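# Geometric and topological summary
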Amino acid sequence: MWFLETQMGDKKSMTEEEVRRLSWRCRRGLLELDIVLQRFSENHLATLSAQELLAFDSLLDLPDNEFLDVVTSRIKFTSIDVLTAKQLDALAMQSVLTKLSVNEEING
């Protein structure tokens, strides 16, 4: 994937341009999701591991309502066929979802 091009030893990291591109993908149609993703992008995006980036990228492929349902734990990511078909690292996905939910302060 385009955001995993730069390597530093064993760990892959993103360039500033790659972070900007992925941040642009975080713009969504739902205000609630935009708020969550903006905070997540500012606080965590540049420090995600390669596996977390794959998990996050897969979440970004979801329709807005489904994505919000996963972030707010209304549905489990394991119940979404498109995510389970990708055989993503479950720990990485859970880490991303935890970071997203910590930033989900829509009501306050």
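Cut-offs used in this document
- Residues numbered from 1 in each chain as written.
- Predicted model: local features only at pLDDT ≥ 70, side-chain atom pairs only at ≥ 80, totals over all residues.
- Heavy atoms only, no water.
- Helix = DSSP H or I, 4+ residues; strand = E, 2+ residues; numbered from the N terminus.
- Contact = heavy atoms within 4.5 Å.
- pLDDT = per-residue confidence, 0-100.

### Section: the environment of Ile-80
- Turning to its location among the elements, Ile-80 is positioned in the loop between helix H4 (64-71) and helix H5 (81-85).
- For Ile-80 and Val-70, which are 10 residues apart along the polypeptide, the C-alpha to C-alpha distance reads 9.0 Å.
- Contacts of Ile-80, omitting those with residues within four sequence positions, involve Leu-62, Glu-66, Val-70 and Ile-75.

### What to know about the confidence of the model for the protein chain
- Confidence in the prediction for the protein chain averages 81 pLDDT; 81% of positions are at 70 or higher.
- Confidence scores differ between elements of the protein chain, with strand E1 (residues 6-8) showing the lowest mean pLDDT of 36 and H4 the highest of 93.
- Every residue in residues 1-11 scores below 50 in pLDDT, and together they form 23 contacts with partners more than four places removed in sequence or on other chains.
- Counted against residues more than four places away or in other chains, residues 104-108, with its pLDDT under 50, gives 7 contacts.

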